[in-house]
Protein chains: 2
Amino acid sequence: MSDTHSNRPLLGSDDALQLAKWDEARLREILGGMHVSELADLLLSCRNDDQRRLLVEYIPDECLGEVLLELPEGVQEEVLAVFEPQEIEDVVEHLDSDDAADLLQAVDKEIADEVIGRLDPSERRDIAELLSHDEETAGGLMQSELFKVRGSWPVEKVLQVLRRFGREIENLNYVYVVDDDDLLVGVLSLHTLLFAEPEVMISLLAQTDFPRVMAGQDQEEVARLFEKYDVLAMPVVNASGELVGRITADDVIDVMREEATEDMYRLAALSDQDDLAESVSTTARRRGIWLAVNLLTAIAASVVISQFEATIAQVVALAVLMPIVASMGGIAGTQTLTVIVRGIALGRITFANARRALIKEVSVGLVSGGVFAVVMATVASLWFPELGMRLGAIIAVAMMVNLFAAGLAGSVIPLTLQRLDIDPALASGTILTTVTDVVGFFTFLGLATIFLV
Amino acid sequence: MSDTHSNRPLLGSDDALQLAKWDEARLREILGGMHVSELADLLLSCRNDDQRRLLVEYIPDECLGEVLLELPEGVQEEVLAVFEPQEIEDVVEHLDSDDAADLLQAVDKEIADEVIGRLDPSERRDIAELLSHDEETAGGLMQSELFKVRGSWPVEKVLQVLRRFGREIENLNYVYVVDDDDLLVGVLSLHTLLFAEPEVMISLLAQTDFPRVMAGQDQEEVARLFEKYDVLAMPVVNASGELVGRITADDVIDVMREEATEDMYRLAALSDQDDLAESVSTTARRRGIWLAVNLLTAIAASVVISQFEATIAQVVALAVLMPIVASMGGIAGTQTLTVIVRGIALGRITFANARRALIKEVSVGLVSGGVFAVVMATVASLWFPELGMRLGAIIAVAMMVNLFAAGLAGSVIPLTLQRLDIDPALASGTILTTVTDVVGFFTFLGLATIFLV
């Protein structure tokens, strides 16, 4: 990596702990000069919880909160578990409201309440409000630190007030204009403010036609709006239209990573909490649940096969060829499933055009089915010439039926889940391949039983 | 863009063209004294292309290039379309290489090549390099519109210059500090600038320790750096450390969507060009290539099965159970593959910790293998009691071996591709399941041939 920090000698967790024994002051100095993400990397490289806890002691309070927020949730909770309420308060005090709320969510409910109770009243209100929103909505994403002004103020006054009260606000790029009831009526960039004449009234400069989000909107939708409008920040309003917070593009970048990982993991039959840093046994347990589901569906497919044991006993070639029919259906179905799930996530497939997507996917299934039917008929006839053209015809029909089923199931399953307000990515490969396995084995072996033996 | 000019009455384009008729020398003198941004504004205020072309004649060669670069691309191209190669060369000669490259991109390819051929060798090299920026690198992503100042300037002067020339820069949130050689030495937010005392020297306010990217860095890496440092914009430097552009978070949001879709598609054996809007035949063709690859790998697995036809003919239960062994391996392998591919994409798996990830995945495979071996041994013994404990033992061993192979292949394949500088997501499910199918069928049927019949 070529960022500026690459030329700094890398401090390993072992070195750090060695240094702690000899020269605590020097260690604090080194850690104090490191970037939060570097400190997070350092904590992640610790070999065990004890090492980590020891190292945390030396990270300055001012940045410890931000460092903890960079860590995977499991590690975060583990570190915070041994903190006293007073220590947590010291950390929280240095964070923006949205980060403070996020961190408090990783703490025991009782301790979090105790910490919140100690904060000063305005901060307490802010955080209590933020904690009341679902983590995965605009409300859970926003921060309450923002700068709002009245439309009747002149530029001069805004700059004055801004200079007095805006210093603490990070990434302040927009000023929000509200009316007497705190309803959001306009947005103004710092940039515009800088170029304005001192005596001009703010309401004359503010944009009144601008994107905003509702506190209850899903974070995935928020990310889509950011992408659509190419903005660096968006105001958040509550149901009455009152300005309650703002979301900045850097938070949206994190959301997009998270949502993409979640969809990718779900499609692959993984829990979205699966993490590189967790222990073998935890990971094995998480994945085991999905493997167990897959085992049940695989047994279902095997039950189908067992219905045709007599046929297979007569023509063993069927056992050789049947996995090909199932496998092709599985891959084609996964292709469709992935396109549909991603299309829904990106907002490109909506209720309005779902039917068109479905028709297209089924058509693709039929076209591919036709092509690979011919290919497989040829392969089967050459491989098992003693079974003649009939085996070729049977595998061709089975291939067509299964690729059609793949296109149908690959689109109907996620579209239905979406309709039912369930994450469409939960229609993972496991469920899809059950359909293609069952349809593939049943059609192929069924036709063979009727026409071949 | 960063030099100052005395106040000058604004000259309208109509006035200028009137003056041209009466006193060309005076017009040249006036235009020669104007700042490039003012000249660009003058050109933009022209009512039509003919007016604009006429006026361009009077703008001195020394600054014409910079003026043209201030114009929107469409206008730029329109003006340059009537230039002779010699005239373009005269303009390009007065430009920094990156500006020259940008300008040449607005010119017909043939004419651009002719102009580049006439330049002196070092300049030619520079420009060829800039023109070569891959679309998917920081260089291809960045915009050159930015605001740079000298560290020796006081805040007051920066604000003055900014007010005069910064108006056109979209999403201007940071001011970049460069030295005499245009090397990037600091970054300053508009926000900080606004709160500073007028007489303070910029170099005292600027951050000198800040993230930056190299023009040649991959856009995926750029996105990771944005995520790591939570910034809204990052400066781009060339190999010598000169500031060449900046990237804003809204561009990164687009990149992240694109990269996540690409990885998701590749894992699902889809071309990243697969699109909802394209025709059934185009989609069927794109996916058909991957289906054909899968067909070959499925046939390979079937060839393995065919080696054991005699065994299957004797014990048909093997044909019933063998898809379960293969399927469990496929799902477990896909879980590992997805975690590793995503970990690499997010920068969490690097060369340094790859071994740890590999060991973990293989361990998870062994643990799951152990658990599901016991489960399957029980299921098989209950399902086919006539085959006794021996079938159970055989399927248990096959399950363990295959889940071990799944963990190994699921991590080794993408890590090796990454090592070879090939996109690890290309290790799609298709390739992985070939391994788990072959290992599963071979182990299960092989053991059965030795111990069961």
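Treat the numbers as computed from the prediction; the structure is a model and nothing was measured.

Enquirer: Is there a simple way to think about the overall build of chain A in this case?
Expert: If you tally the helices and strands in chain A, you get 22 helices and six strands. Against the globule reference of 22 Å for 453 residues, chain A gives a C-alpha radius of gyration of 30 Å, more extended than a compact globule. Taking the principal axes of its C-alpha atoms as reference, chain A extends roughly 90 × 65 × 45 Å. In chain A, which comprises 453 residues, the share counted as buried stands at 55%. For chain A, restricting intrachain contacts to residue pairs at least 6 apart in sequence, the fraction spanning at least 24 positions comes to 67%.

Enquirer: Quick question: what am I supposed to make of the sheet that holds strand β2 (residues 174-178) of chain B here?
Expert: Strands belonging to one sheet form pairs held by backbone hydrogen bonds; the direction of such a pair is parallel or antiparallel. Residue and element names in this part refer to chain B. Pairing is mixed in the open sheet, where three strands are placed in the order β1-β2-β3. Single-partner strands in this sheet number two, and they are β1 (148-150) and β3 (184-189). Adjacent strand axes in the sheet meet at a mean angle of 35 degrees when their direction is disregarded. Pairing analysis gives five bridges linking β2 to β3, with the strands arranged antiparallel. Within the sheet, the bridge partner assigned to Tyr-176 lies in β3 and is Val-187.

Enquirer: Sorry if this is basic, but what is going on with the UniProt feature "transmembrane region" (unreviewed entry) in chain A here?
Expert: All names here are of chain A. Taking the UniProt record as the reference, the feature "transmembrane region" (unreviewed entry) is found at residues 289-308, 314-341, 362-385, 391-413 and 425-452. Helix makes up 90% of residues 289-308 and strand makes up 0%, while its end C-alpha atoms are separated by 30 Å. What you have in residues 391-413 is 100% helix and 0% strand, and the ends, taken at the C-alpha atoms, are 32 Å apart.

Enquirer: I would appreciate a short explanation of the domain arrangement of chain A in the present structure.
Expert: One frequent convention defines the size of an interface as the accessible area lost when the parts assemble. Each assigned domain of chain A is listed here: domain 1 (4-136), domain 2 (148-248) and domain 3 (280-451). Relative placement of domain 2 of chain A and domain 3 of chain A: their C-alpha centres are 52 Å apart.

Enquirer: I'm lost on empty space enclosed by the protein in this one. Help?
Expert: Empty space among the atoms becomes apparent when a probe as large as a water molecule is rolled across them. A complete count under the given rule lists six cavities of 30 Å³ or more for this structure. If you add up the space inside the largest cavity, you get close to 870 Å³. The biggest single contributor to the lining of the largest cavity is helix α19 (residues 317-345) of chain B, with nine residues. Taken together, the residues that form the lining of the largest cavity break down as 23 nonpolar, 20 polar and two charged. Roughly 100 Å³ of internal volume is contained in the second largest cavity. The wall of the second largest cavity is formed by 13 residues, among which A:Arg257, B:Met256, B:Glu259, B:Ala260 and B:Arg342 lie closest to the centre. Among the secondary structure elements, those contributing two or more residues to the lining of the second largest cavity are α16 (249-267) of chain A together with α16 (249-267) and α19 of chain B. Ranked by residues supplied to the lining of the second largest cavity, first place goes to α16(B) with five residues.

Enquirer: Sorry, what's going on with the interface of chain A and chain B here?
Expert: Facing the 110 residues of chain A at the interface are 107 residues of chain B. On inspection of chain A and its partner chain B, the count reaches four salt bridges. Close ionic contact of A:Arg257 with B:Glu227 constitutes a salt bridge, the shortest N to O distance being 2.6 Å. Top element by residues in the side of chain A that touches chain B is helix α19 (residues 317-345) of chain A. It accounts for 17 residues.

Enquirer: I would appreciate a short explanation of unusual backbone geometry in the present structure.
Expert: Glycine aside, residues mostly have negative phi, and peptide bonds are mostly found in the trans state. Its identity is not glycine, yet A:Asp421 carries a phi of approximately 65 degrees, on the positive side. Mapping A:Asp421 onto the fold places it in the loop between α21 (388-419) and α22 (429-451). By relative accessible area, which is 75% here, A:Asp421 ends up exposed. Although it is not a glycine, B:Ala269 sits at a positive phi angle of roughly 60 degrees.

Enquirer: Where do I start with the sheet that holds strand β4 (residues 213-214) of chain B in this structure?
Expert: Residue and element names in this part refer to chain B. Ordered in space as β4-β5-β6, the three strands form an open sheet in which the pairing is mixed. The outermost strands of the open sheet, each flanked by one partner alone, are β4 and β6 (243-248). In terms of strand pairing, strand β5 (residues 233-237) meets β6 through five bridges, oriented antiparallel. In the strand pairing of β6, Ala-233 is matched with Thr-248. Docked against the sheet, helix α15 (residues 219-229) engages β4, β5 and β6, running at close to 135 degrees with respect to β5.

Enquirer: Before we go on, may I ask you to explain the confidence of the model for chain A in this structure?
Expert: Per-residue confidence for chain A gives a mean pLDDT of 87; residues scoring 70 or more make up 97%. Long-range and interchain partners of residues 1-9 of chain A, a stretch whose pLDDT sits below 50, account for 19 contacts in this model, where long-range means more than four residues apart.

Enquirer: Looking at this model, I keep getting lost on the UniProt feature "domain: CBS" (unreviewed entry) in chain A. Mind explaining?
Expert: Residues and elements named next belong to chain A. Sites flagged by UniProt as "domain: CBS" (unreviewed entry) map to residues 142-204 and 206-262. Spanning residues 142-204, this segment combines 32% helix with 22% strand, and its end C-alpha atoms are found 27 Å apart. Between the first and last C-alpha atoms of residues 206-262 the distance is 38 Å; the span itself is 44% helix and 23% strand.

Enquirer: Just checking my understanding: could you explain the packing of helix α20 (residues 354-383) of chain A against helix α17 (residues 280-306) of chain B for this structure?
Expert: How two helices pack is summed up by the angle between their axes together with the distance between the axes. Remark: α20(A) packs on α17(B), axes separated minimally by 10 Å, with the N-to-C direction vectors making an angle of 35 degrees. In this structure, the crossing between α20(A) and α17(B) has a hand that is right-handed. On α17(B), the residues touching A:Lys360, A:Glu361, A:Ser363, A:Val364, A:Val367, A:Ser368, A:Phe372, A:Val375, A:Met376, A:Val379 and A:Trp383 of α20(A) are B:Val280, B:Thr283, B:Ala284, B:Arg287, B:Gly288, B:Leu291, B:Ala292, B:Leu295, B:Ile299, B:Ser302, B:Val303 and B:Ser306. Taken together, the residues that form the contact of α20(A) with α17(B) break down as 14 nonpolar, six polar and three charged.

Enquirer: Just to check I follow, could you spell out the packing of helix α8 (residues 97-105) of chain A against helix α10 (residues 121-131) of chain A for this structure?
Expert: All names here are of chain A. Look at α8 against α10: their axes get within 9 Å of each other, and the N-to-C directions meet at 60 degrees. Here α10 runs oblique to α8, going by the angle between their axes. By crossing handedness, the relation of α8 to α10 is classed as right-handed. Counted together, Ser-97, Asp-98, Ala-100, Ala-101, Leu-104 and Gln-105 of α8 and Ile-127, Leu-130 and Leu-131 of α10 form the full contact between these two elements. Looking at the contact of α8 with α10 residue by residue, the class counts come to six nonpolar, two polar and one charged.

Enquirer: How do you make sense of the packing of aromatic side chains when you look at a structure like this?
Expert: Two aromatic rings, taken as a pair, are described by how far apart their centres are and by the angle between their planes. For the coordinates displayed, the defined rule picks out four aromatic pairs over all chains. An angle of 15 degrees between the planes, with centres 5.3 Å apart, marks the rings of A:Trp383 and A:Phe384 as stacked.

Enquirer: I tried to follow the side chain of B:Asn402 on my own but got confused; where do I start?
Expert: Residues and elements named next belong to chain B. Within the secondary structure, Asn-402 is located in helix α21 (residues 388-419). Given the relative accessible area of 0%, Asn-402 is considered buried. What Asn-402 contacts, discounting residues up to four positions off in sequence, is Val-325, Ala-326, Gly-329, Thr-436, Val-439 and Gly-440.

Enquirer: Explain the environment of B:Met256 to me, please; I cannot follow it from the model alone.
Expert: Position of B:Met256 relative to the elements: it lies in helix α16. A residue is classified by how much of its surface remains accessible, and B:Met256, at 5% relative accessible area, is buried. With 178 residues separating them in the primary sequence, B:Met256 and B:Glu78 have C-alpha atoms 34 Å apart. Beyond its immediate stretch of four places on either side in the chain, B:Met256 contacts A:Ile253, A:Met256, A:Arg257 and B:Ala223.

Enquirer: I tried to follow the nonpolar core on my own but got confused; where do I start?
Expert: Inside soluble globular proteins, nonpolar side chains tend to come together where they are buried. Judged by nonpolar contacts, the single largest core of 85 residues is most densely connected at A:Leu321, A:Ile324, A:Phe444, B:Leu321, B:Ile324 and B:Phe444. When residues no more than four places from it in sequence are discounted, the contact partners of A:Phe444 are A:Leu318, A:Leu321, A:Met322, A:Val325, A:Leu391, A:Ile394, A:Ile395 and A:Ala398.

Enquirer: I would appreciate a short explanation of the side chain of A:Glu278 in the present structure.
Expert: Among the structural elements, A:Glu278 can be located in the loop between α16 and α17 (280-306). A relative accessible area of 14% means that A:Glu278 is categorised as buried. Filtering out sequence-adjacent residues up to four positions away, A:Glu278 remains in contact with A:Gln273, A:Thr283, A:Arg286 and B:Lys360.

Enquirer: Please explain helix α15 (residues 219-229) of chain A as it appears in this structure.
Expert: Each α-helix turn comprises 3.6 residues. Residues three or four places apart therefore point the same way. Residue and element names in this part refer to chain A. Of all the positions in α15, only Gln-219, Val-222, Ala-223, Leu-225 and Phe-226 are classed as buried. Buried residues of α15 fall within an arc of 160 degrees about the axis and therefore sit on the same side. A positive phi of about 50 degrees marks Asp-230, the residue just after α15.

Enquirer: In this structure, what is going on with the pattern of salt bridges? I would like to understand it.
Expert: Where charged atoms from two side chains of opposite charge approach closely, those side chains can pair. All names here are of chain B. Counted by the stated rule, this structure contains 29 salt bridges over all chains. With its nearest N and O atoms 3.1 Å apart, the salt bridge here joins Arg-118 to Glu-114. On the criterion of helical spacing, the pair formed by Arg-118 and Glu-114 is a turn pair, its members being four residues apart in helix α9 (residues 109-118). Given a relative accessible area of 38%, Glu-114 falls into the partly exposed group. Between Arg-150 and Asp-180 there is a salt bridge, and its shortest N-O distance comes to 3.6 Å.

Conventions used here
Residues numbered from 1 in each chain as written. Chains lettered and ligands numbered in written order. Predicted model: local features only at pLDDT ≥ 70, side-chain atom pairs only at ≥ 80, totals over all residues. Heavy atoms only, no water. Helix = DSSP H or I, 4+ residues; strand = E, 2+ residues; numbered from the N terminus. Rg over C-alpha atoms; globule rule 2.2 N^0.38 Å. Buried < 20%, exposed > 50% of the residue type's maximum accessible area, 1.4 Å probe, protein only. Contact = heavy atoms within 4.5 Å. Pairing = 2+ DSSP bridges. Axes fitted to C-alpha atoms, helices over the stretch in contact; angles between N-to-C directions. UniProt positions renumbered as here; feature names shortened; annotations may be inferred. Domains from an automatic or database assignment. 1 Å grid on protein atoms, 1.4 Å probe; cavity = no way out; pocket = protein on both sides within 12 Å on 5 of 7 lines; lining within 4 Å. Points joined across faces, edges and corners; volume = space filled by probe spheres on them. Nonpolar A, V, L, I, M, F, W, Y, C, P; charged D, E, K, R; others polar. Salt bridge = Lys/Arg side-chain N within 4 Å of Asp/Glu carboxyl O. pLDDT = per-residue confidence, 0-100. Left-handed = near helix turned anticlockwise from the far one by under 90°. Parallel < 35°, antiparallel > 145°, perpendicular 65-115°, else oblique. Phe/Tyr/Trp six-rings, centres within 6.5 Å; stacked < 30°, edge-to-face > 60°. Core = buried A, V, L, I, M, F, W, Y, C linked by side-chain atoms within 4.5 Å. Arc of directions from axis to C-beta.

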